[in-house]
Amino acid sequence: GPATNVTWTRDGKAVSGGNFTATRRLDNPVTAAYTLTLSVAGRQGGVYRCQVAKSGPGVSGDPASSSMEIEVKVASPPTNFIAKQVNKTTVRISWTPPAPKEAVTGYQIHYMEVESLGTRGEFMTAPETDHRLIHNFQAGIYSFTMLALSEHLPSEVVGPIPLIMKAVPAITVMTVEVATTLVWLQWSGVNNVNQPESVNQPDSLQITFQYTMESLHNGFCSDHQQSVIVTLTNGSIQQYNITGLQEDSTYNITIVAENAAGKSAPSEVVITTLQAAPSGTPQEVRRVATTSTKITIQWRELPCIDRNGDIMGYTVRYYSISGCNNTILHNDSDMLEATLVDLTPFTNY
């Protein structure tokens, strides 16, 4: 009988390399009906046209040829696919919808816990969305994939992208070395930058050091509290030097680690910096009494901030203008006066 020729085009161009099959339907014994199938590699959307023509002796006219068109919609993949931990148990998935949006009928998100391969999940979202909150996660390492859905063919799979779902960190101060104006801290609970990141790795660290500062007010030393906060944005730091401290001062140092799951319990340590030589001099040195062989002098104590420790005594040097003698008097007490005796009459000192 006549030969049957079937041709396929996509967007007006001949489809090559496809796999065509024709299956005769047996549900209608009177009319020979066939199901025509075209298989092409990949996701090739567009307007497909199938034309069937008969040729041979005795074949002529329109009934010898027929055609049909169908538009195949294929979704493009979303971009900027991001998985981010929001809190201890929630993940926010976000993406940029593909263009054109009209081809997208929704999105499908898959996730899997990597290490145990046990926890799995699948979620569907509406086509107008660009993010999704997923709840009830536990700490672990997860892998996320997603694709866009359409009326006919979904997009290619995007991902996988990894996410370390973190637990609340724990941190402990281990080592403290103290000097006069600095303290060196070292703590546990974080991984070194060269080690794999753990589920309780901090994202940042906050160091707070509070101390009592002495100051001179109306002639008297008074105490007032001061607090300084240092934020370290690199969660892999394991040690820190606090500099610019005051000598012979007590500091209450607190370290708190934080990541997306929350803040750790504070780890506290109390330190006292070492004493140092006074950085100031006695104030308002004056003569208060004079005889032919004796002079009494007085002075005011050092400002609190210049003492750098406990004042154990004072040293008084005196000498005659003629340079006949040079004497040192040690006043090993907290007295704020000294009496110079056995001086030479009528001599300037």
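The structure contained in this document is the topic of the report that follows. These numbers were taken from a predicted model, which means no experiment stands behind them. (Residues numbered from 1 in each chain as written. Predicted model: local features only at pLDDT ≥ 70, side-chain atom pairs only at ≥ 80, totals over all residues. Heavy atoms only, no water.)

A few words now on the overall build of the protein. A count of helices and strands for the protein gives 1 helix and 26 strands. Among the 349 residues that make up the protein, the fraction classed as buried is 30%. For the protein, the proportion of contacts with a sequence separation of at least 24, taken over those separated by at least 6, is 58%. (Helix = DSSP H or I, 4+ residues; strand = E, 2+ residues; numbered from the N terminus. Buried < 20%, exposed > 50% of the residue type's maximum accessible area, 1.4 Å probe, protein only. Contact = heavy atoms within 4.5 Å.)

With respect to the helices and strands, the residue E128 is situated in the loop between β10 (120–125) and β11 (131–134). A C-alpha to C-alpha distance of 8.3 Å links E128 and K101, two positions 27 residues apart in sequence.

The subject of this paragraph is the pattern of salt bridges. According to the stated counting rule, one finds 3 salt bridges in the structure shown. Close ionic contact of K166 with D203 constitutes a salt bridge, the shortest N to O distance being 2.5 Å. Here K166 is found in the loop between β13 (158–165) and β14 (172–178), whereas its partner D203 is found in the loop between β15 (183–188) and β16 (204–217), with 37 residues between them in sequence. A residue is classified by how much of its surface remains accessible, and K166, at 7% relative accessible area, is buried. A relative accessible area of 35% places D203 in the partly exposed class. (Salt bridge = Lys/Arg side-chain N within 4 Å of Asp/Glu carboxyl O.)

This part covers the environment of P127. Mapped onto the secondary structure, P127 falls in the loop between β10 and β11. Residues P127 and S150, 23 residues apart in the sequence, show an inter-C-alpha distance of 9.4 Å. The contacts of P127, once residues within four sequence positions are left out, are V104, T105, G106 and Y107.

This brings us to the packing of aromatic side chains. Tallying each qualifying case throughout the model produces 9 aromatic pairs. Centre to centre, the rings of Y111 and F144 are 5.8 Å apart; their planes meet at 35°, and the pair counts as tilted. Of this pair, Y111 sits in strand β9 (residues 106–113) while F144 is found in strand β12 (residues 140–149), placing the two residues 33 residues apart along the sequence. Accessibility classification places Y111 together with F144 in one group, the buried group. Plain terms: the ring middles of F137 and F144 are 6.1 Å apart, the flat faces sit at 45° to each other, and that makes the pair tilted. (Phe/Tyr/Trp six-rings, centres within 6.5 Å; stacked < 30°, edge-to-face > 60°.)

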